[in-house]
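Chain residues, written in single-letter form:
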Amino acid sequence: YIEEACIVPCPSDCKLSEWSNWSRCSKSCGSGVKVRSKWLREKPYNGGRPCPKLDHLNQAQVYEVVPCVSDCSQYVWVAEPWSVWKVSNVDLKENCGEGIQTRRVRCMLNTVDGPTDAVEDYLCDPEEMPQGTRESRLPCPEDCVLSDWSAWTACDLPCSGRGDRERTAFALRLPKEGEDCPVSMQTEPCFLNRNCFHYSYNITDWSTCQLSANAVCGIGLKTRMLDCVRSDSKSVDLKYCEELRLEKKWQMNASCTVECPVNCQLSDWSAWSECSQTCGLEGKMWRRRTVVQASQGDGRPCPSQMEQWKPCPVRPCYRWQYGPWSECRVEEVVCGVGLRFRNLTCFVSDGSGDGKSSIVEEELCAGLEQAVDGDKNIVLEETCTLPCPGDCYLMEWSDWSLCQSVCVKGQRLDFTPVQVRSRAVIAQEPENIAQCPDQEWQSRPCSNGECYEYQWMGNPQVIWCQRSDGINVTGGCPPALLPGTDQSCDPPCDKPQSFCSEEGVCMCEEGYTEVVTAAGMLEQCTPIPVLEIPTAGDKKSDVKTSRAINPTLPTTVQPGRAGRTWYLQPFGPDGKLKTWVYGVAAGVFVLLVFIVSMIYLACKKPKKPQRRQNNNRLKPLTLAYDGDADM
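Residues numbered from 1 in each chain as written. Predicted model: local features only at pLDDT ≥ 70, side-chain atom pairs only at ≥ 80, totals over all residues. Heavy atoms only, no water.

Looking up the protein in an unreviewed UniProt entry gives the name Thrombospondin type 1 domain containing 7A, with the organism given as Cirrhinus molitorella. Under Subcellular location (unreviewed entry), UniProt gives the following word-for-word description of the protein: "Membrane". (UniProt positions renumbered as here; feature names shortened; annotations may be inferred.)

**Q** Go over the state of the cysteines with me, naming the residues and quoting the values.
**A** Applying the stated criterion to the full structure yields 16 disulfides. Here C508 connects covalently by a disulfide to C525, the sulfurs 2.0 Å from one another. Given an S-S torsion of about -90°, the disulfide between C508 and C525 has left-handed geometry. Within this pair, whereas C508 is found in strand β38 (residues 506-508), its partner C525 is found in strand β40 (residues 522-527), the two being separated by 17 residues in sequence. Assigned by exposure class, C508 and C525 land together as buried. (Disulfide = S-S within 2.5 Å. Helix = DSSP H or I, 4+ residues; strand = E, 2+ residues; numbered from the N terminus. Buried < 20%, exposed > 50% of the residue type's maximum accessible area, 1.4 Å probe, protein only.)

**Q** Give a description of the pattern of salt bridges that names residues and reports values.
**A** Under the definition given, this model contains eleven salt bridges. R288 is the salt-bridge partner of E307, the closest N and O atoms lying 3.0 Å from each other. Placement of E307 in strand β22 (residues 307-311) and of R288 in strand β20 (residues 284-288) is noted, with a sequence separation of 19 residues between them. In this structure E307 comes out as partly exposed when scored by relative accessible area, which is 36%. Judged by its relative accessible area of 43%, R288 is partly exposed. Here R340 makes a salt bridge to E382, at a shortest N to O gap of 2.3 Å. (Salt bridge = Lys/Arg side-chain N within 4 Å of Asp/Glu carboxyl O.)

**Q** Tell me about the nonpolar core, and please be specific about residues and values.
**A** Listed in full, the seven residues of the largest apolar core are F197, Y199, Y201, L226, C228, V236 and C241. Setting aside chain neighbours within four positions, we find F197 in contact with L157, C159, R230, S231 and D232. One finds Y75, W77, V105 and C124 within the second-largest nonpolar core, a separate group that totals six residues. (Core = buried A, V, L, I, M, F, W, Y, C linked by side-chain atoms within 4.5 Å. Contact = heavy atoms within 4.5 Å.)

**Q** Describe the sheet that holds strand β35 (residues 463-467), with residues and values.
**A** In space, the three strands of this open sheet follow the order β34-β35-β36, with antiparallel pairing throughout. Of all the strands in the sheet, the pair left with one neighbour each is β34 (454-458) and β36 (472-473). (Pairing = 2+ DSSP bridges.)

**Q** Which residues make up unusual backbone geometry, and what values do they have?
**A** Residue P158 follows L157 across a cis peptide bond; omega there is -5°. Examined against the element boundaries, P158 turns out to sit in the loop between β10 (145-146) and β11 (164-168). Positive phi, normally seen in glycine, also occurs at S233, with a value near 75°. Summarising the element assignment, S233 is placed in the loop between β16 (226-230) and β17 (235-236). By relative accessible area, which is 63% here, S233 ends up exposed. Of note in the backbone geometry, Q497 takes a positive phi value of approximately 65° without being a glycine. By secondary structure assignment, the location of Q497 is in the loop between β36 and β37 (498-500).

**Q** Describe the confidence of the model for the protein, with residues and values.
**A** For the protein, per-residue confidence averages 76 on the pLDDT scale, and residues scoring 70 or more make up 77% of the total. The secondary-structure element of the protein with the lowest mean pLDDT is strand β41 (residues 555-557), recorded at 40, while β20 shows the highest, at 93. Residue range residues 530-567 is modelled with pLDDT below 50. Its contacts to residues more than four positions away, or to other chains, number 76 contacts. (pLDDT = per-residue confidence, 0-100.)

**Q** Would you mind going over the packing of aromatic side chains in detail, with residue names and values included?
**A** Enumeration over the complete set of coordinates arrives at two aromatic pairs. Look at Y199 and Y240: their rings are 5.3 Å apart centre to centre, the planes differ by 10°, and that puts the pair in the stacked class. Linking Y199 in strand β14 (residues 199-203) with Y240 in helix α1 (residues 238-243), this pair joins segments that are 41 residues apart in sequence. Each ring, one from W286 and one from W309, has its centre 6.4 Å from the other, and the planes form 45°; the classification is tilted. In this pair, W286 sits in strand β20 while W309 sits in strand β22, placing the two residues 23 residues apart along the sequence. W286 gets classed as partly exposed once you look at its relative accessible area, which sits at 25%. (Phe/Tyr/Trp six-rings, centres within 6.5 Å; stacked < 30°, edge-to-face > 60°.)

**Q** Tell me about the pairing of β35, and please be specific about residues and values.
**A** Sheet analysis places β34 next to β35, joined by five bridges and oriented antiparallel. Within the sheet, the bridge partner assigned to G458 lies in β35 and is I463. Sheet topology places β35 next to β36; two bridges connect them, and they run antiparallel. In the sheet register, Q466 faces β36, and the bridge partner there is N472. The antiparallel pairing of β35 with β36 creates a hairpin that spans four residues between the two strands, and G470 there sits at a positive phi of about 90°.

**Q** Talk me through the sheet that holds strand β4 (residues 75-79); I want residue IDs and the actual numbers.
**A** What the three strands build is an open sheet, ordered β4-β7-β8; its pairing is antiparallel. Every interior strand has two partners, whereas the edge strands, β4 and β8 (114-118), have only one. Strand-to-strand twist in this sheet, taken as the mean axis angle between neighbours without regard to direction, amounts to 55°. Here five bridges tie β4 to strand β7 (residues 105-111), and the two strands are oriented antiparallel to one another. Opposite W77, over in β7, you have C107 as the bridge partner. (Axes fitted to C-alpha atoms, helices over the stretch in contact; angles between N-to-C directions.)

As structure tokens, this is what we get:
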């Protein structure tokens, strides 16, 4: 082990200040709320007791809110007497005219002894604020003088819009003879929420649970308040609802319980478990603990870490593994059936799964059961075939391909994904291809198969097929979509493995031959054998040409020989020339002798005497035969 010291901080609880004083009720008339608070002094740390219901605005304050009802008459408007007239348009002869009067209006706290202290104006109802200035006419000595208007009479309930209300004034001084006083009564119609109102009770929310003076938990009392609300949603004095004798059907007090804080209690750590791996670097040992008592109320919560792990002591991983096969050995002959051998070797690794391992002495694996990858059937020798000259033979099995699903247009079909491997055929003499075995394929089911799309890439000079994961492949792209091809076949080429050629004719892909109807239409594409000669050391093969009856079952598929082209084979299975070859050679030789004899006789003629008079005539052309039959 490599160890070092570490520190796990101890839990620290939330720390708050003392409660502040209760605030004033939020409404000066009717129901409201009052608040007190605690300020956060220290945040909880490392699983300490949390703070109760922190304010979501600044995460620094704890609030407690209770409902309250303010007496609507506790704050009243107080108006001082009107000032003397300030005449703006004076009739000096009569000592009268137009003018204004002013007075001071203040909001004051109303006590049993009457208004005492002035307070902020917002505490009084602005709708009830008396007029502070008025324009009027200073009456002349012979004019009628009226008193101030009385209050408006109450409207009849309910407010239907048909009733009226009125106010009156009376004469303080009568006018001179022959003059009348102004109208001393005014009326106006009653309209809902303008000068006529309905009233109803409104119930507030429950307060928080209120405990006794020194209690921190247990049984307490929660309360709520009644509020009288006007039909325009304004809170008014309770007397308006009480005068109407409205029903009170709510319970105003109820008992409640504040859970006492209980800290979380945990069990002791269990003993360390066995290592999850018998060897290597990836093994872990675990220990766990459980909750004995869950936290309650504001108690310290349970920590999130309920289990711990540490690495196991490192032990090397030994295993038996096969060595490579030896070359095929045939006794007393140069070809045929023989044997090949391999050894069982002891390997060591760190168990990390990266495949790196080294050969060590077999004594280190002596305590292990002889098994390779869980297989106890140890095979150290097997039969093999050393091909004779001119024979065909199969290569070793290729590696399994990647897991791939059966897909159409990127969508998986209801087939299990498969992996495929193959054995390529090696034909030493092309003339013996008809006697070679077919290429073998095997498939097996797998999981998490991928769906790939294939697309032609490149430019007009260089074109290749690319898979959707960016790998260039040799198959998968539809030939019908090859750049530069004409896709104007009518009817369209909808047969499997078919495509539209540049001439507008439906043809089959490479590896398939066309089967047409009597009308010349493509009926199907039939597979034909494909000869693959891999290079030395190349064990992988293209698995996209695999064909299986049921891809979900591991099978060994050997396609038939339908569509194979047959050739005349001059050599027999033993490598010697067949008898008919000698007959054909003799016939060809006799035919050549006959042709040469006929040409010779045709060219030989008797000589005639020639005159030497004209020296300018051309000499006769002499044909020479070189034995070429194409002459």
